[in-house]
Amino acid sequence: MTADVSAQLRKGVVEYCILGLLARQPMYGWSLSEALEARGMIASIGTLYPILSRLRTQGLVTTYDQGSDSGPVRKYYRLSTAGEQQLDLFRQQWAPFAATVEGFIGEDAS
Amino acid sequence: MIDQTAPQVVRNYLAQLESALGGLPTDVRDGIVAGVAEELSGLDAATAAERIETLGDPAFIAAEARAESPAPVITAPAPAAEFGMSSQRWYIVLTTVLLEFGGIVIPLAGWVVGIMLLWASPLWTRVEKLVATFAPTGAAAVGFIIAGLVFQERSVISADGGETINPIIPGFAWHAAVFGAIIAAVIASFVIGIVLSRRAWRRTAR
């Protein structure tokens, strides 16, 4: 058994957490990083960008540049149609999967 | 590209980050540097230093990025012709003939030379090389045991010169076992030689 169980768990779901965040609104790298780091889903911005690159290669997210009056021009990430479909698929599978695991490890499980 | 008008602390940090990210895929490296540069853009030195503090050591960021990035794509092997001598057809023939008959002509040494030639060539896979190296020994062991048991000596010479059957501890037929081991190793080497020869021949024909 691996010593760092939480790292293994995060690795399996962090891509879908990013898709979930982007489903609410387009976000730029730094804001994504802050949101994920605050919840302990990634260790640093170094973890985020390889995942974003992968998601973009898979066509699940797209990017666009947007400036603002108060800040620099930023690269925003948003969910593509394929990304929405992928997220829906994951949502359908996640609840029964989590329930199944709970059935095995829950303290009430017999 | 690092903005040369940015505060020194920002320029230093971005330069360190770029350096630490060396070797990563370009889009990942550029994405990280651009993302950090965006966030530090327009900040005064003190505020930028605070942000940099939360970002952490560039070496740590780079290590995290490497851990998350896929391994470099392994390029397809170059055509056989580029491997030189060890991919020539005469080399294939020499190697496989030595594997098949080298151990008979020059006991053990001939086969060992064949194995050395095999490992020196890129025409065979690692698995094929391992099988060719160890299968004859395995076959010899099997042949040894089977022959020793099949031809076991059921009688022993008693003190008065007569032969008696020993049904409890039958004698292991050592001579037959050694002969069986040699035969099995020779057969295995012969089969392996043929298989390796055909495979290498196909690869050089591509």
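Along every chain, residues carry numbers that run from 1 in the direction the sequence is written. The lettering of chains begins at A and the numbering of ligands begins at 1, in the order of writing. In keeping with the predicted nature of the model, local features appear solely for residues at pLDDT of at least 70, side-chain atom pairs appear and are counted solely at 80 or more, and the whole-chain, interface and lining totals rest on all residues.

Describing the overall build of chain B
Then comes step 1: Helix numbers and strand numbers start at the N terminus; a helix is a DSSP run of H or I with at least 4 residues, a strand a run of E with at least 2. Across its full length, chain B carries eight helices and two strands.
Then comes step 2: Going residue by residue from the N terminus, the α and β elements of chain B occur as α-α-α-α-α-α-α-β-β-α.
Then comes step 3: Looking at the 206 residues of chain B, the share that counts as buried comes to 28%.
Then comes step 4: Here contacts are defined at the residue level, using C-beta atoms placed from the backbone and a cut-off of 7 Å between them. Within chain B, contacts between residues separated by at least 24 positions form 63% of all contacts whose residues are at least 6 apart in sequence. Put simply, a residue is buried when 20 or more other C-beta atoms lie within 10 Å of its own C-beta and exposed when 12 or fewer do; between those, it is partly exposed, and each C-beta is set from the backbone.

Description of the overall build of chain A
Then comes step 1: From N to C terminus, chain A includes four helices and three strands.
Then comes step 2: Traced from its N-terminal end to its C-terminal end, chain A shows the element sequence α-β-α-α-β-β-α.
Then comes step 3: Relative to its 110 residues, chain A shows a buried fraction of 25%.
Then comes step 4: At a minimum sequence separation of 6, the contacts of chain A that also span at least 24 residues come to 46%.

Considering the interface of chain B and chain A
A common way to state how big an interface is: give the accessible area lost once the parts meet.
Then comes step 1: The interface of chain B with chain A comprises 21 residues on the first partner and 17 residues on the second.
Then comes step 2: For the side of chain B that touches chain A, the element with the most residues is helix α2 (residues 26-40) of chain B, which contributes nine residues.
Then comes step 3: Grouping the amino acids of the side of chain B that touches chain A by side-chain chemistry returns ten nonpolar, six polar and five charged. Under this grouping Gly is polar, as are all residues other than the nonpolar Ala, Val, Leu, Ile, Met, Phe, Trp, Tyr, Cys and Pro and the charged Asp, Glu, Lys and Arg.

Some details on the pairing of strand β3 (residues 74-79) of chain A
All names here are of chain A.
Then comes step 1: At least two DSSP bridges between two strands are required for those strands to pair. By the bridge criterion, two bridges tie strand β1 (residues 27-28) to β3 in an arrangement that is antiparallel. Looking at β3, one finds that Met27 is bridged to Tyr77.
Then comes step 2: Of the strand pairs in this sheet, strand β2 (residues 61-66) and β3 are connected by six bridges, and their pairing is antiparallel. Each residue of the ladder has a partner; that of Tyr64, found in β3, is Tyr76.

Brief notes about the sheet that holds β2 of chain A
Then comes step 1: Ordered in space as β1-β3-β2 (chain A), the three strands form an open sheet in which the pairing is antiparallel. Edge positions in the sheet fall to β1 and β2 of chain A, since each has one partner strand and no second.

Regarding helix α6 (residues 109-120) of chain B
All names here are of chain B.
Then comes step 1: Across its twelve residues, α6 extends 17 Å between first and last C-alpha, which sits within 8% of the 16 Å expected from 1.5 Å per residue.
Then comes step 2: What α6 keeps buried is the set Trp111, Gly114 and Leu118. Burial along α6 is one-sided: seen end-on, the buried residues are contained in an arc of 55°. Residues Ala109, Met116 and Ala120 are exposed on α6 and point more than 90 degrees away from its buried face. Any helix carries an expected span of 1.5 Å times its number of residues minus one. What the arc covers is the set of directions going from the helix axis to the C-beta atoms.

Structural measurements only, silent on function.
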